[in-house]
Structure formats: C-alpha cells, structure tokens
Amino acid sequence: MSQIQSDERKTIVLTGASRGIGHATVKRFSREGWRVITCSRQEFADNCPWPAGPEDHIRVDLSDQEDVGYAVSEIRQRLQANGSRLHALVNNAAISPKVEGGGRMDSIKTPMHLWRDVFQVNFFAPIMLARGLFKELQTGKGSIVNVTSIVGSRVHPFAGTAYATSKAALNSLTREMAADFGPAGIRVNAIAPGEIETAILSPGTEDMIDDIPLRRLGQTSEVADVIYFLCSDQSSYVNGSELHINGGQHV
Ligand SMILES: NC(=O)c1ccc[n+]([C@@H]2O[C@H](COP(=O)([O-])OP(=O)(O)OC[C@H]3O[C@@H](n4cnc5c(N)ncnc54)[C@H](OP(=O)(O)O)[C@@H]3O)[C@@H](O)[C@H]2O)c1
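Note that the structure is predicted; figures quoted are calculated from it, not measured. (Residues numbered from 1 in each chain as written. Predicted model: local features only at pLDDT ≥ 70, side-chain atom pairs only at ≥ 80, totals over all residues. Heavy atoms only, no water.)

Visitor: Describe a negative patch on the surface, naming the residues involved and giving the relevant values.
Guide: Together, Glu-197, Glu-206, Asp-207, Asp-210 and Asp-211 line one region of the surface with negative charge. Here Asp-211 lies in the loop between β6 (187-193) and α6 (220-231). Judged by its relative accessible area of 59%, Asp-211 is exposed. (Patch = residues over 30% accessible without salt bridge, like charges linked within 9 Å, V, L, I, M, F, W, Y side chains within 5 Å. Areas by Shrake-Rupley, 256 points an atom, 1.4 Å probe, with all protein chains shown as cover. Salt bridge = Lys/Arg side-chain N within 4 Å of Asp/Glu carboxyl O. Lys, Arg positive; Asp, Glu negative; His and termini not counted. Charge placed at Lys NZ, Arg CZ, Asp CG, Glu CD. Helix = DSSP H or I, 4+ residues; strand = E, 2+ residues; numbered from the N terminus. Buried < 20%, exposed > 50% of the residue type's maximum accessible area, 1.4 Å probe, protein only.)

Visitor: Run through the pattern of salt bridges, naming residues and quoting values.
Guide: Taken as a whole, this structure holds ten salt bridges when the rule is applied. Between Asp-7 and Arg-9 there is a salt bridge, with the nearest N and O atoms lying 2.7 Å from each other. Exposure remark for Asp-7: the relative accessible area of 14% places this residue in the buried category. Residue Arg-175 is joined to Glu-176 by a salt bridge in which the shortest nitrogen-to-oxygen separation is 2.9 Å. Through salt bridges that share partners, Arg-28, Glu-32 and Asp-225 make up one connected network.

Visitor: Provide a residue-level description of the side chain of Ser-235, including the pertinent values.
Guide: Here Ser-235 is to be found in the loop between α6 and β7 (242-245). A distance of 2.8 Å separates the side chain of Ser-235 from the backbone oxygen of Phe-229, its partner in a polar contact. In contact with Ser-235, not counting residues within four places along its chain, are Arg-187, Phe-229 and Leu-230. (Polar contact = N/O pair within 3.5 Å; in protein donor to acceptor, adjacent residues only side chain to side chain. Contact = heavy atoms within 4.5 Å.)

Visitor: Tell me about the site of the ligand, and name the residues and values.
Guide: The full set close to the ligand counts 30 residues, and Ser-18, Arg-41, Asn-92, Tyr-163 and Thr-198 are the nearest of them. Within the backbone of Ile-21, a nitrogen or oxygen atom sits 2.8 Å from an oxygen atom of the ligand. The backbone of Asn-92 places a nitrogen or oxygen atom 2.7 Å from an oxygen atom of the ligand. In the complex, 97% of the free accessible area of the ligand, which totals 890 Å², lies under the protein chains. Taken together, the residues of the shell around the ligand break down into 14 nonpolar, eleven polar and five charged. (Near = heavy atom within 4 Å. Nonpolar A, V, L, I, M, F, W, Y, C, P; charged D, E, K, R; others polar.)

Visitor: Please provide a residue-by-residue account of unusual backbone geometry, values included.
Guide: Peptide bonds are mostly trans, and most non-glycine residues show a negative phi. One non-glycine residue with positive phi stands out, namely Lys-141, at about 50 degrees. Summarising the element assignment, Lys-141 is placed in the loop between α4 (134-139) and β5 (143-147). Exposure remark for Lys-141: the relative accessible area of 58% places this residue in the exposed category.

Visitor: Tell me about the nonpolar core, residues and numbers included.
Guide: The biggest cluster of nonpolar side chains holds 35 residues, and the ones touching the most others in it are Leu-62, Ile-75, Leu-89, Ile-144 and Met-177. Those elements that provide at least two residues to this core are β2 (35-40), α2 (65-78), α3 (112-132) and α5 (161-181). No other element matches α3, which puts nine residues into this core. Apart from residues lying up to four places away in sequence, Leu-62 is in contact with Thr-15, Val-68, Ala-93, Gln-120, Val-121, Ala-125 and Leu-129. In terms of nonpolar packing, the next biggest core, distinct from the first, is built from 21 residues, Ile-12, Val-36, Val-145 and Val-223 among them. (Core = buried A, V, L, I, M, F, W, Y, C linked by side-chain atoms within 4.5 Å.)

Visitor: So what's going on with the sheet that holds β7? Residues and values would help.
Guide: With parallel pairing, the seven strands of this open sheet are ordered in space as β3-β2-β1-β4-β5-β6-β7. A single partner strand is all that each edge strand has here, and the edge strands are β3 (57-59) and β7. The sheet shows a mean angle of 15 degrees between the axes of neighbouring strands, taken without regard to direction. The strands that α2 touches are β1 (11-15), β2 and β3; relative to β3, the one it contacts most, it runs at about 160 degrees. (Pairing = 2+ DSSP bridges. Axes fitted to C-alpha atoms, helices over the stretch in contact; angles between N-to-C directions.)

Visitor: Go over the packing of aromatic side chains with me, naming the residues and quoting the values.
Guide: Applying the stated criterion to the full structure yields six aromatic pairs. For the pair Phe-123 and Phe-124, a centre-to-centre distance of 5.2 Å together with 70 degrees between the ring planes defines the contact as edge-to-face. Among the residues examined, Phe-124 registers a relative accessible area of 38% and is labelled partly exposed. (Phe/Tyr/Trp six-rings, centres within 6.5 Å; stacked < 30°, edge-to-face > 60°.)

Visitor: Summarise the side chain of Asn-82; cite the residues concerned and give the values.
Guide: Within the secondary structure, Asn-82 sits in the loop between α2 and β4 (88-91). Residue Asn-82 is classed as buried on the basis of its relative accessible area, which comes to 3%. Look past the residues within four positions of Asn-82 in its chain and what remains in contact with it is Asp-7, Arg-9, Thr-11, Arg-35 and His-87.

Visitor: Tell me what's going on with α2, and back it up with residues and numbers.
Guide: Between the first and last C-alpha of α2 there are 20 Å, a value that for 14 residues agrees with the 20 Å anticipated at 1.5 Å per step. All of the buried residues in α2 are Val-68, Ala-71, Val-72, Glu-74 and Ile-75. N-capping of α2 is provided by Asp-64, with a side-chain oxygen placed 3.0 Å from the backbone N of Glu-66. (Expected span 1.5 Å × (residues − 1).)

Written as structure tokens, this is what we have:
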C-alpha cells in the first residue's frame, strides 16, 4: 500500500530559489497556488515566507554532476505525490565570477577550473535536470524556462566571459531543446534579464541606467511575472523563444 499523500496542485521545480529572481519566482508561483520544489546549495531558511518550504526544498550543488544526479532522483521521488506530473522546470541558478571589486573576468585571465564550474552550473545542470525529468514534464505537459542574460549577446562591462558565453550557449540550447522536447508537448523558452536589482550586480551598475530606455533597473518581481507567463496556459503556443526583460536595453 502506498504511503504517498496525493497532491493536486500544479508543480514547479526551480533552481536558485534562495535569493534574487528565484526568490521572487517562488513567491509568485506560491501565490498562484502552485507547489514549488526549490533547489539550491543552502538549507531552507526558516524565515522564508511560504508554507511547506522545508519539505519541498532540495539541497544540491549544481556544480557537482553527481549531486545533480542525486537531486534528479530525489525530485522524481517527491513528484510521486502528484502522479509524477511536473508542470514547470525553471533553470534559474547561475554563477558569475568577477575579479576583485566586481570587474569583468576576461577570456585571457579566467582560470580553466572557473570556466568548468560556470559551464557546469549555468549550462550543463539545466540540460541534466531537463533530461532527468523528461517523463514527468511530458506527463504534466510542462514548460521549461532557461534563464539566460542580455550579456549572452554582447560584451558587458562587469559580466565575465565564461558567464556570458555560458548564457549564449544556454540560449542556443533552448532552441535545440524546443525542437527536441516539443513533440512530447513540453515547451522550452528562455528569458534574458538585463540589469535587475539583485546581489549579482556589480558596483557601478547604476551608471548604466542612462543606456536603458526605461531609465531604471528592473525588479525581481517583474522577471518572476514573465516566468509565470511562460509557465501558464497564456503562452501555450510560445516555444523556442528568448524574451528580453531589460527595459529596452537591447535596442
Ligand atoms: N540580476 C540580474 O541583473 C541578472 C541579469 C541577467 C541574468 N540574470 C540571471 O538570473 C538568474 C538569477 O540571478 P540572480 O541575480 O537572482 O542571482 P543570485 O541572487 O546570485 O542567486 C543565485 C541563485 O543560484 C543559486 N546557486 C548558485 N550556485 C549554485 C550551485 N552551485 N548549486 C545550486 N544553486 C546555486 C544560489 O543559491 P545558493 O547560494 O543557496 O546555492 C541562488 O539562489 C541567473 O541565471 C542570472 O544569471 C540575472
């Protein structure tokens, strides 16, 4: 006899939920009544404002391939409560190493071990999770959102080369995944934020505001709203896109 309690809520798996854009995304989906399974390196913090957090938090280091494998099997097990259906996977966690003082780490000086870590967290972990959860996403007619960046398409004063190229690769991967996952009813899109007010920003970002047509930084809730749109039925024919969330900075 199964001891698993049934759960009828829609379910999202979200990496990098502990801060910034991920944190705002948990709040958005929780507000809409979704079950949110969060993944990050830290333990669930008791002061987090949503119910049922600790049971639905998975501690994983995405820079460690073995740990990602373990997380996939743990997630699959926890999804049994709702018929192994997954409605959304949001690959949000990322690392962006900088030189001291927050400056750009260029292609000549970036140590090879950092290139490897950045690509593992920002690029390989998303495809490992998506492949590992393919069946659950298919059953839930799920939506995958890969969080890329404006720096995937241009040199940026603070974002390092490894970070920028990992985001460009993730955008290309989104296109390939949209083709491969689409026939299973799984949509795959990317969102590319510009300058959003979070801990990842370097000192001096405020000086870039003059180059942003809307003349302000973005808020994490504004990014979470677009992620929610891409995981909802409102975007049921959107597949293989990269949406810019940058106040027009890319123009
Ligand atoms: N902020 C911006 O302006 C901006 C602009 C463009 C794109 N983005 C993208 O938006 C996403 C979120 O950015 P953010 O600014 O909200 O980032 P953030 O505040 O730096 O948060 C990063 C999240 O990723 C998790 N994380 C980092 N390394 C991890 C690892 N090895 N294993 C598991 N989890 C890990 C962190 O949790 P733990 O520390 O608990 O592990 C944290 O929850 C990223 O993909 C970023 O590239 C942000």
